[in-house]
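Here's the letter readout for the chains.
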Amino acid sequence: MASKLKQLQSKAGQASEFLSKHGSAYYKQLMEQNKQYVQEPATVEKCNELSKQLFYTRLASLPSRNESFWKELDYVKNLWRNRKEVHVEQAGIAALFGIECFAWFCAGEIVGRGFTFTGYDV
């Protein structure tokens, strides 16, 4: 066990050394590639304007999202009505999707509890 700990410490040291040497170059490259998205000068007014733009853009997308929701719901209703004709493959995919949703729910609960499995701190 002690040898594994030493290996882990060695790997962590190597990663830290790599980041200290190459981290700023990566940051500069990333910022150079995405400079068209940076607002200069970054003022409070500009930040407020951008937040309003984001809010109203999301608000404007609600009708299309609503329409997509109802289409999906109609598809599920149609599947339920014709459940006798559902193939095993479709049922398996639906079951896997349900399991995945449940797994993400459980992961969210664990994160919400502060990464504990036993329960909430009261």
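Note that the structure is a prediction, hence the values are computed from the model and not measured. (Residues numbered from 1 in each chain as written. Predicted model: local features only at pLDDT ≥ 70, side-chain atom pairs only at ≥ 80, totals over all residues. Heavy atoms only, no water.)

**Student:** A description of the overall build of the protein should follow, citing residues and the corresponding values.
**Tutor:** A count of helices and strands for the protein gives four helices and zero strands. Tracing the protein from N to C terminus, the helices and strands come up as α-α-α-α. Relative to the 2.2 N^0.38 estimate, which gives 14 Å for 122 residues, the radius of gyration of the protein is 25 Å and therefore markedly larger than a compact globule would have. Its C-alpha atoms give the protein principal-axis dimensions of about 60 × 55 × 40 Å. Counting the 122 residues in the protein, one finds 3% classified as buried. By element, 64% of the accessible surface of the protein is carried by carbon and sulfur atoms, the whole surface being about 11700 Å². Seen as two clouds, the 16 positive and the 13 negative side-chain charges of the protein have centres 5 Å apart. (Helix = DSSP H or I, 4+ residues; strand = E, 2+ residues; numbered from the N terminus. Rg over C-alpha atoms; globule rule 2.2 N^0.38 Å. Buried < 20%, exposed > 50% of the residue type's maximum accessible area, 1.4 Å probe, protein only. Areas by Shrake-Rupley, 256 points an atom, 1.4 Å probe, with all protein chains shown as cover. Lys, Arg positive; Asp, Glu negative; His and termini not counted. Charge placed at Lys NZ, Arg CZ, Asp CG, Glu CD.)

**Student:** Tell me about the environment of Asn48, residues and numbers included.
**Tutor:** Relative to the elements of secondary structure, Asn48 occurs in helix α2 (residues 44–60). When its relative accessible area of 43% is taken as the criterion, Asn48 is described as partly exposed. For the pair Asn48 and Gln90, spaced 42 residues apart in the sequence, the C-alpha separation amounts to 47 Å.

**Student:** Just give me the short version of the layout of surface pockets, but keep the residues and values in it.
**Tutor:** The space that makes up the largest pocket amounts to roughly 320 Å³. What lines the largest pocket is simply Tyr75, Val76, Leu79, Trp80, Arg83, Val86, Gln90, Ala91, Ile93, Ala94 and Phe97. Secondary-structure elements contributing two or more residues to the lining of the largest pocket are α3 (62–81) and α4 (88–112). With five residues, α4 is the largest single contributor of residues to the lining of the largest pocket. In the lining of the largest pocket, the residues fall into nine nonpolar, one polar and one charged. (1 Å grid on protein atoms, 1.4 Å probe; cavity = no way out; pocket = protein on both sides within 12 Å on 5 of 7 lines; lining within 4 Å. Points joined across faces, edges and corners; volume = space filled by probe spheres on them. Nonpolar A, V, L, I, M, F, W, Y, C, P; charged D, E, K, R; others polar.)

**Student:** Explain the packing of aromatic side chains to me, using residue names and the numbers behind them.
**Tutor:** Inspection of the entire model under this criterion finds three aromatic pairs. Measuring from centroid to centroid gives 4.9 Å for Phe55 and Tyr56, while their planes differ by 80°, and the two rings are edge-to-face. Residue classification places Tyr56 among the exposed positions, given a relative accessible area of 51%. Of note, Arg83 hangs over the ring of Trp80, and the distance from its end group to the ring centre comes to 4.5 Å. (Phe/Tyr/Trp six-rings, centres within 6.5 Å; stacked < 30°, edge-to-face > 60°. Lys NZ or Arg CZ within 6 Å of the ring centre and 35° of its normal.)

**Student:** Give a detailed account of a nonpolar patch on the surface, specifying residues and quantitative values.
**Tutor:** On the surface, a cluster of nonpolar side chains totalling about 420 Å² of accessible area is made up of Phe55, Tyr56, Leu59 and Leu62. Looking at which element gives the most residues to the nonpolar patch, the answer is α2, with three residues. Structurally, Tyr56 can be placed in helix α2. (Patch = residues over 30% accessible without salt bridge, like charges linked within 9 Å, V, L, I, M, F, W, Y side chains within 5 Å. Salt bridge = Lys/Arg side-chain N within 4 Å of Asp/Glu carboxyl O.)

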